[in-house]
Amino acid sequence: MDGTFNENDLSRVVEADKAHMWHHLFQHKALESADPRIIVEGKGMRVWDQNGKEFLDAVSGGVWTVNVGYGRESVCKAVYDQLMKVCYFANSAGSIPGALFAEKLIEKMPGMTRVYYTNSGSEANEKAFKMIRQIAHKKYGGKKTKILYRDRDYHGSTLATMSAGGQDERNAQYGPFAPDFVRVPHCMEYRKHELGLEHLSGREFGIAAADAIEEVILREGPETVGALCLEPVTAGGGVIEAPEGYWERVQEICKKHDVLLHIDEVVCGVGRTGKWFGYQQYGIKPDFVTMAKGVASGYAAIACMVTTEEVFEMFKDDAGDPMNYFRDISTFGGCTAGPAAALENMRIIEEEGLLENTVAMGERMLNNLRALQEKHAVIGDVRGKGLFLGAELVADRDSKEPVDEKLAQQVVAECGAQGVIIGVTNRSLPGRNNTLCFSPALIATADDIDQICDAVDKALTKVFG
């Protein structure tokens, strides 16, 4: 730590936090008898709290965001230089970093051509939903308005994105929701018995899980279904990678029924899985791709909704119609800090070979977790892609009964006591908040990975014996 704050200053900060802050994902009753954690500094993969305690951050800022690590001076300088030049103008006009990052981004996304800037992943997804609905009215007489989403997937915290939310605990007490959002089954092979598909495995299960989507389309009527929205790897719903055969079949189904494919890359995007985007692991060609967290690694607020020229052309095919364009604005989608930071973030990933490092370190961590699975019967399944991994904890391997979520949370706490911050599925699925979550920065070293897994090993031993 650099000593910017002294003890008296931090006491004032802690009191101000307790008196006035409303934190995310947090029950504040605990702070009536304890102090909040305040993160005061970060360097590389380490952060320090107000008491000077050092932590290895294995969740990249708590929510899989700080992909290139903390303390990147070049990113901060890029943002500073841009803000001194011009900080903002509404995105009805262009900006230099906005144009240059859009060009750079599209280079990484063959088949995509247009970037719509927003300020958050929720907002980016909602923009795609609005485009899909407008296309339904423009092209299909208002009929293809239904948007399908998958059980366990998460697309944001606005009411519209929660309408497409496959995590029932996140949605509880916030309804009623927007109409014409329809759920399809999850594709989690570890819990295939929940789908009545326990007799299938591998590619056969993957195709059957995708076929379940077609069953929903046929039930609803293909003429009413406009889009299918999916995460390439389900994040907060349990870190779930689809089995072989799934994505190929999904693409076929979408083409067959004229359904637009919307891939939510808010977590997976910009390197997390070892490719620029998670969907690129599976050879699919989406119509919409949304992204946020890793786009600028948290150095500035930025999210993007990216689409194809075919979609773009639909919104300018009749210039004489005053309603025939995307009548939408994102105020902070006009900030120049976001694309300025994103350009430098992308340069770092390229020049430091962080995609390759993600593949190598992801393989190391997956092997480490599998070794822990051999040692600890409480680990029922290990899964994920790149540096985006999960370990599901179960009370019984045969029945796959989840452990009590308080025990999973205790593992997180025990890791924290060792100075390692890991995650766990949180208020997502009733009775299913039992998966430990890992998303260390793409700069992770072998020593970092081993330290994380060693902390998990000790925590599991302490909690479960």
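Attention here is on the structure that accompanies the text.

Calculation rules
- Residues numbered from 1 in each chain as written.
- Predicted model: local features only at pLDDT ≥ 70, side-chain atom pairs only at ≥ 80, totals over all residues.
- Heavy atoms only, no water.
- Disulfide = S-S within 2.5 Å.
- Buried < 20%, exposed > 50% of the residue type's maximum accessible area, 1.4 Å probe, protein only.
- Pairing = 2+ DSSP bridges.
- Helix = DSSP H or I, 4+ residues; strand = E, 2+ residues; numbered from the N terminus.
- Axes fitted to C-alpha atoms, helices over the stretch in contact; angles between N-to-C directions.
- Contact = heavy atoms within 4.5 Å.
- Expected span 1.5 Å × (residues − 1).

Here we take up the state of the cysteines. If you walk through the whole model with that rule in mind, you get zero disulfides. Of the cysteine sulfurs around Cys 304, a residue in no disulfide, the closest is that of Cys 335, at 13 Å. For Cys 304, a relative accessible area of 0% gives the class buried. Distance from the sulfur of Cys 335, which forms no disulfide, to the nearest cysteine sulfur (Cys 87) is 7.3 Å.

Taken together, the seven strands give an open sheet; going across it, the order is β4-β12-β11-β10-β7-β5-β6, and neighbouring strands pair in mixed fashion. A strand with exactly one partner marks an edge of an open sheet, and here the two such strands are β4 (114–118) and β6 (181–184). Neighbour-to-neighbour, the strand axes of the sheet open up by a mean angle of 20°, direction not taken into account. Two strands pair when backbone bridges link them, and β4 and strand β12 (residues 303–307) are joined in this way by five bridges, in the antiparallel orientation. Bridge assignment links Tyr 117 to a residue of β12, and that residue is Cys 304. Helix α4 (residues 96–107) contacts β4, β11 (288–291) and β12 of the sheet and is inclined by roughly 125° relative to β4.

Between its first and last C-alpha atoms helix α12 (residues 354–375) spans 31 Å; for 22 residues at 1.5 Å apiece the expected length is 32 Å, and the two agree. Where α12 is buried, its residues touch α11 (337–351), β13 (379–384), β14 (389–396), β18 (435–438) and α14 (446–464).

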